[in-house]
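Next come the chains, spelled out residue by residue.
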Amino acid sequence: MKIAILGAGNMGLSFSKSFLKYELIKPENLHLITRNESKFPKILEEFPKSKVSTFNNVTELDADLIIIAVKPQDFQYVSENFQFALKENQMVLSIMAGIKIEKIQKLLNHPLVVRAMPNSPTLLGMGITGYTSAKGISFSQLINIERLLNSTGRSVYLENEELLDAVTALSGSGPAYFYYIVDAMIKAGIEMGIEENLSKLFVQQTMLGAYHLINNSDKNLEELIQDVASKGGTTEAALKTFKENNFKEILKNGILNAEKRAKELNG
């Protein structure tokens, strides 16, 4: 299999690393295409056997699968300015937030489009990706795509494309919400007199432990909270403050606004 990646940024490169790590493709069958020639040295350092080009100097794409990993805001420009035409049997996999299959098909003048929404832990092979496909894509083609996506973590097929904007808001943007909360907790630790590195250790290990408890317990989240929050205790004091300030609502509204923004990106 030959793969071309349009947009060799963080996500495009982390996908490439996963494909090579699990030997799903040979390095010489990987073609990385970037707008900026200044990125060449860094890319070639990591992918010395792969082909690297700018959009301007690609007139023909020798690839079975073309992954579009440019920023959604740049897609219109890129689609109007590249020099090559897609061949009938080439598959397109978009990992752009917000841009619908129909728009991709129209701008590329090409029917075979799969749309996916990964998240940044794909960098470690611990991502989760929601994906959906255009009509006319065979089961075996989808299985091939799923195999590639699973090299970056886990993947979930969704019949309804509309849900991908929700996936974008929930898991695509989700890591940043956790970093935001972790940052607030670390800063609280520092304010209470714990040295920064120690505060980091306490918070990060707590998050890791809590994740494993969620995964391994038969209890629901409400019960797990109650296990920690004894009557009149310290946890209850914190939770009371969160409740009084509508922390859950604020968080939920933020996620709903992320979904709204994903829908706007389709223009």
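Residues numbered from 1 in each chain as written. Predicted model: local features only at pLDDT ≥ 70, side-chain atom pairs only at ≥ 80, totals over all residues. Heavy atoms only, no water.

**Considerations on the overall build of the chain**
Right, so step 1: A count of helices and strands for the chain gives eleven helices and eight strands.
Right, so step 2: Oriented by its inertia axes, the alpha-carbon framework of the chain measures out at about 70 × 40 × 35 Å.
Right, so step 3: Relative to its 267 residues, the chain shows a buried fraction of 39%.
Right, so step 4: Of all intrachain contacts in the chain linking residues separated by at least 6 positions in sequence, the fraction that spans at least 24 positions is 62%.
Right, so step 5: Looking at charge distribution, the chain has the averaged site of its 29 positive side-chain charges lying 2 Å from that of its 30 negative ones. (Helix = DSSP H or I, 4+ residues; strand = E, 2+ residues; numbered from the N terminus. Buried < 20%, exposed > 50% of the residue type's maximum accessible area, 1.4 Å probe, protein only. Contact = heavy atoms within 4.5 Å. Lys, Arg positive; Asp, Glu negative; His and termini not counted. Charge placed at Lys NZ, Arg CZ, Asp CG, Glu CD.)

**Side note on the packing of helix H6 (residues 163–172) against helix H11 (residues 247–265)**
Right, so step 1: Where H6 meets H11, the axes come as close as 8 Å, and the angle between the chain directions of the two elements is 135°. In terms of axis orientation, H6 runs oblique to H11. As H6 packs across H11, the resulting crossing turns out to be right-handed. Taking contact as the criterion, the partners of Asp-165, Ala-166, Thr-168, Ala-169 and Leu-170 in H6 are, on H11, Ile-255, Ala-258, Glu-259, Ala-262 and Lys-263.
Right, so step 2: When the residues that make up the contact of H6 with H11 are grouped by side-chain class, the tally is six nonpolar, one polar and three charged. (Axes fitted to C-alpha atoms, helices over the stretch in contact; angles between N-to-C directions. Parallel < 35°, antiparallel > 145°, perpendicular 65-115°, else oblique. Left-handed = near helix turned anticlockwise from the far one by under 90°. Nonpolar A, V, L, I, M, F, W, Y, C, P; charged D, E, K, R; others polar.)

**Description of the sheet that holds strand E6 (residues 113–117)**
Right, so step 1: Pairing within the open sheet is mixed, and its eight strands lie in the order E3-E2-E1-E4-E5-E6-E7-E8. Both outer strands of the open sheet, strand E3 (51–54) and strand E8 (153–157), are each paired with one neighbouring strand and no more. Taken pair by pair, the neighbouring strands of this sheet meet at an average axis angle of 20°, ignoring direction.
Right, so step 2: Against the sheet, helix H1 (residues 10–21) contacts strand E1 (3–6), strand E2 (30–34) and strand E4 (65–68), and its axis sits at roughly 170° relative to E2.
Right, so step 3: Packed on one face of the sheet, helix H4 (residues 101–108) meets E4, strand E5 (91–94), E6 and strand E7 (127–133) and runs near 130° to E6. (Pairing = 2+ DSSP bridges.)

**With respect to the packing of aromatic side chains**
Right, so step 1: Applying the stated criterion to the full structure yields four aromatic pairs.
Right, so step 2: Measuring from ring centre to ring centre gives 5.8 Å for Phe-15 and Phe-19, while their planes differ by 80°; the resulting arrangement is edge-to-face. Of the two residues, Phe-15 and Phe-19 are both situated in helix H1; the distance of four residues between them amounts to about one turn of the helix.
Right, so step 3: With relative accessibility at 0%, the residue Phe-19 sits in the buried group.
Right, so step 4: Arranged with centres 4.2 Å apart and planes meeting at 10°, the rings of Phe-82 and Phe-84 form a pair that is stacked.
Right, so step 5: Taking the relative accessible area as the measure of exposure, Phe-84 reaches 5% and is therefore buried. (Phe/Tyr/Trp six-rings, centres within 6.5 Å; stacked < 30°, edge-to-face > 60°.)

**Side note on a nonpolar patch on the surface**
Right, so step 1: Judged by side-chain polarity, Ile-225, Leu-239, Phe-242, Phe-247 and Leu-251 come together as a nonpolar surface patch covering roughly 380 Å² of accessible area.
Right, so step 2: Every element with two or more residues in the nonpolar patch is listed here: helix H10 (234–244) and H11.
Right, so step 3: Under the relative-accessibility criterion, Phe-242 is labelled partly exposed at 39%. (Patch = residues over 30% accessible without salt bridge, like charges linked within 9 Å, V, L, I, M, F, W, Y side chains within 5 Å. Areas by Shrake-Rupley, 256 points an atom, 1.4 Å probe, with all protein chains shown as cover. Salt bridge = Lys/Arg side-chain N within 4 Å of Asp/Glu carboxyl O.)

**Structural notes on the pairing of E4**
Right, so step 1: A two-sided burial pattern is seen for E4, the buried positions comprising Leu-65 and Ile-67 on one face and Ile-66 and Ile-68 on the other.
Right, so step 2: Pairing of E4 with E5 involves four bridges; the strand directions are parallel. Within E5, the position partnered with Leu-65 by the bridge is Met-91.
Right, so step 3: What joins E4 to E5 is helix H3 (residues 75–81), and the crossover it makes is right-handed. (Right-handed = clockwise from strand over helix to strand, strands pointing away.)

**A closer look at the nonpolar core**
Right, so step 1: Grouped together as the largest cluster of nonpolar side chains are 52 residues, with contacts concentrated most on Ile-3, Leu-6, Ile-67, Ile-68, Leu-93 and Ile-104.
Right, so step 2: In this view, Ile-67 contacts Ile-3, Ala-4, Ile-5, Leu-6, Phe-15, Phe-19, Leu-93 and Ile-95; residues no more than four positions away in its chain are not counted. (Core = buried A, V, L, I, M, F, W, Y, C linked by side-chain atoms within 4.5 Å.)

**Digging into the pattern of salt bridges**
Two side chains bearing opposite charge may form a pair once their charged atoms approach each other closely.
Right, so step 1: Overall, the coordinates contain 16 salt bridges when judged by the stated rule.
Right, so step 2: Across the pair Lys-87 and Glu-60 runs a salt bridge whose closest N-O atoms are separated by 3.6 Å. Placement of Lys-87 in the loop between H3 and E5 and of Glu-60 in the loop between E3 and E4 is noted, with a sequence separation of 27 residues between them.
Right, so step 3: The partly exposed category is assigned to Lys-87, whose relative accessible area is 34%.
Right, so step 4: Residue class for Glu-60 comes out exposed when judged on its relative accessible area of 56%.
Right, so step 5: Residues Glu-259 and Lys-263 are paired through a salt bridge, measuring 4.0 Å at the closest nitrogen-oxygen approach. Residue Glu-259 and its partner Lys-263 are both found in helix H11; the two are separated by four residues, about one turn of the helix.
Right, so step 6: Look at Glu-259 and you get partly exposed, because its relative accessible area is 23%.
Right, so step 7: Residue class for Lys-263 comes out partly exposed when judged on its relative accessible area of 35%.

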